Amino acid sequence: MGIQLGDEAPDFTAETTEGKLNLYEYLGDGWGILFSHPKDFTPVCTTELGAVARLKPEFDKRNTKVIAVSVDPVDSHHQWAQDIEDVTGATLNYPVIGDPDRTVADLYGMIHPNANDTLTVRSVFVIGPDKKVKLTLTYPAATGRNFDEILRVLDSLQLTAKHQVATPADWKQGEDVIITGAVSDEDAATRFPGYKTVKPYLRTTAQPK
Ligand code: BEZ
């Protein structure tokens, strides 16, 4: 059984393109995203790492640190960085872990023997300030991830962690949210004035500030 939602994120210390990094110290009180890619100098991975570098200011705004990992060594990541810049125009601006002995990959179950037991699959782990895993995603090697979607999920996770609300299908920042069943109608009237009852089990309100 791999890592489940709500599990404590395994801590580790690893070599990265920005030097030695301890996960818990690096994240501090903030949020974290650990994402793996199969291999350096491969096409989909090159576009993905550039996409994340471009979105780094968005992750910063959300108090979220991003860390990439693959089973290639740090030297290889450094050489590959120039290609990422050539192809995507983005400079690597977050740490990329070199994990040739698979310490991190094994801790997080990022090697998928049914896919290829020498490569990391495209996993994403969102880690909350309490160091618990809030989201996991696994994509196959041939499908690049949508990092705008990961930002959208982060917005939802951060909102629902703070207020007793949930977010509906396709929700985006600024749209109405759902008041969870944990909030009585009486409390909802005080906390979310003007909320709407669509069905007795579906009450909506403007996104809390
Ligand atoms: C890629 O990033 O393009 C890739 C990596 C490993 C296997 C297949 C594709």
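Up top you'll find the structure we're talking about.
Residues numbered from 1 in each chain as written. Predicted model: local features only at pLDDT ≥ 70, side-chain atom pairs only at ≥ 80, totals over all residues. Heavy atoms only, no water.

A.B. asks: How do you make sense of the overall build of the protein when you look at a structure like this?
C.D. replies: A count of helices and strands for the protein gives six helices and 13 strands. Each principal axis of the C-alpha distribution contributes one length, and for the protein these read about 60 × 35 × 35 Å. Buried positions account for 46% of the 209 residues belonging to the protein. The long-range share in the protein, meaning contacts at least 24 apart out of those at least 6 apart in sequence, stands at 65%. A total accessible area of about 10600 Å² is found for the protein, and carbon and sulfur atoms account for 51% of it. Counting 21 positive and 30 negative side-chain charges, the protein places the centres of these two groups 7 Å from one another. (Helix = DSSP H or I, 4+ residues; strand = E, 2+ residues; numbered from the N terminus. Buried < 20%, exposed > 50% of the residue type's maximum accessible area, 1.4 Å probe, protein only. Contact = heavy atoms within 4.5 Å. Areas by Shrake-Rupley, 256 points an atom, 1.4 Å probe, with all protein chains shown as cover. Lys, Arg positive; Asp, Glu negative; His and termini not counted. Charge placed at Lys NZ, Arg CZ, Asp CG, Glu CD.)

A.B. asks: Help me understand the sheet that holds strand S11 (residues 177-179), please; the structure alone is not making it clear to me.
C.D. replies: The strands making up a sheet associate through hydrogen bonds between their backbones, and the pairing can be parallel or antiparallel. The strand order across the open sheet built from four strands is S10-S11-S13-S12, with neighbouring strands paired in antiparallel fashion. Since the sheet does not close on itself, it has two edges, and those belong to strand S10 (165-166) and strand S12 (196-199), each with one partner. Direction of pairing for S10 relative to S11: antiparallel, over a ladder of two bridges. Pairing of Val 165 across the sheet is with Ile 179, part of S11. (Pairing = 2+ DSSP bridges.)

A.B. asks: I keep staring at the packing of aromatic side chains and nothing clicks. Help me out?
C.D. replies: A ring pair, where both rings are aromatic, is described by two values, the distance of the centres and the angle of the planes. Taken as a whole and assessed by the stated rule, the structure comprises five aromatic pairs. For the ring pair Phe 35 and Tyr 94, a centre distance of 6.1 Å and an interplane angle of 50° mean the geometry is tilted. Note that Phe 35 is positioned in strand S3 (residues 31-36) and Tyr 94 in the loop between helix H3 (74-88) and strand S5 (96-98), a separation of 59 residues in sequence. On the basis of relative accessibility, which here comes to 1%, the residue Phe 35 falls in the buried class. You can call Tyr 94 buried: its relative accessible area is 1%. For the pair Tyr 108 and Phe 125, a centre-to-centre distance of 5.0 Å together with 65° between the ring planes defines the contact as edge-to-face. Of the two residues, Tyr 108 sits in the loop between helix H4 (103-107) and strand S6 (111-112) while Phe 125 sits in strand S8 (residues 122-127), which places them 17 residues apart along the sequence. By the burial criterion, Tyr 108 is buried, and Phe 125 matches it. (Phe/Tyr/Trp six-rings, centres within 6.5 Å; stacked < 30°, edge-to-face > 60°.)

A.B. asks: How should I be thinking about the pairing of strand S1 (residues 13-16) in this particular structure?
C.D. replies: In regular strands, side chains alternate between the two faces of the sheet. Residues Ala 14 and Thr 16 line the buried face of S1, whereas the alternating positions Thr 13 and Glu 15 sit on a face that is not buried. Sheet topology places S1 next to strand S2 (residues 19-22); four bridges connect them, and they run antiparallel. Each residue of the ladder has a partner; that of Ala 14, found in S2, is Leu 21. Hairpin connection from S1 to S2: two residues lie between these consecutive antiparallel strands.

A.B. asks: Can you walk me through the side chain of Asp 155 in this structure?
C.D. replies: Within the element layout of this structure, Asp 155 appears in helix H5 (residues 147-162). One polar contact links Asp 155 to Arg 62, side chain to side chain, over a distance of 2.6 Å. When residues no more than four places from it in sequence are discounted, the contact partners of Asp 155 are Arg 62, Trp 171 and Gln 173. (Polar contact = N/O pair within 3.5 Å; in protein donor to acceptor, adjacent residues only side chain to side chain.)

A.B. asks: I tried to follow helix H2 (residues 43-61) on my own but got confused; where do I start?
C.D. replies: What sets the pattern is the α-helix's 3.6 residues per turn: residues three or four places apart point alike. Taking 1.5 Å per residue, 19 residues should reach 27 Å; H2 reaches 29 Å between its end C-alpha atoms and fits that length. A bend of about 55° at Leu 55 is the largest found in H2, and the proline Pro 57 appears one to four places after it. Taken together, the buried positions of H2 are Cys 45, Thr 46, Glu 48, Leu 49, Gly 50, Ala 51, Val 52, Ala 53, Leu 55 and Phe 59. Taken together, the buried residues of H2 touch S3, strand S4 (64-70), H3, S5, S8 and H5. (Expected span 1.5 Å × (residues − 1). Bend = angle between axes of the 7 residues up to and from the residue.)

A.B. asks: Looking at this structure, I do not really get the site of the ligand. What am I missing?
C.D. replies: Near the ligand, the surroundings consist of Pro 38, Thr 42, Pro 43, Val 44, Cys 45, Arg 122 and Ala 141. One of the backbone nitrogen or oxygen atoms of Pro 43 is found 3.3 Å away from an oxygen atom of the ligand. Cys 45 places a main-chain nitrogen or oxygen 2.8 Å from an oxygen atom of the ligand. Here the ligand, which alone exposes 260 Å², has 77% of that area covered by the protein. Per-element accounting of the shell around the ligand gives the leading share, three residues, to H2. In the shell around the ligand, the residues fall into five nonpolar, one polar and one charged. (Near = heavy atom within 4 Å. Nonpolar A, V, L, I, M, F, W, Y, C, P; charged D, E, K, R; others polar.)

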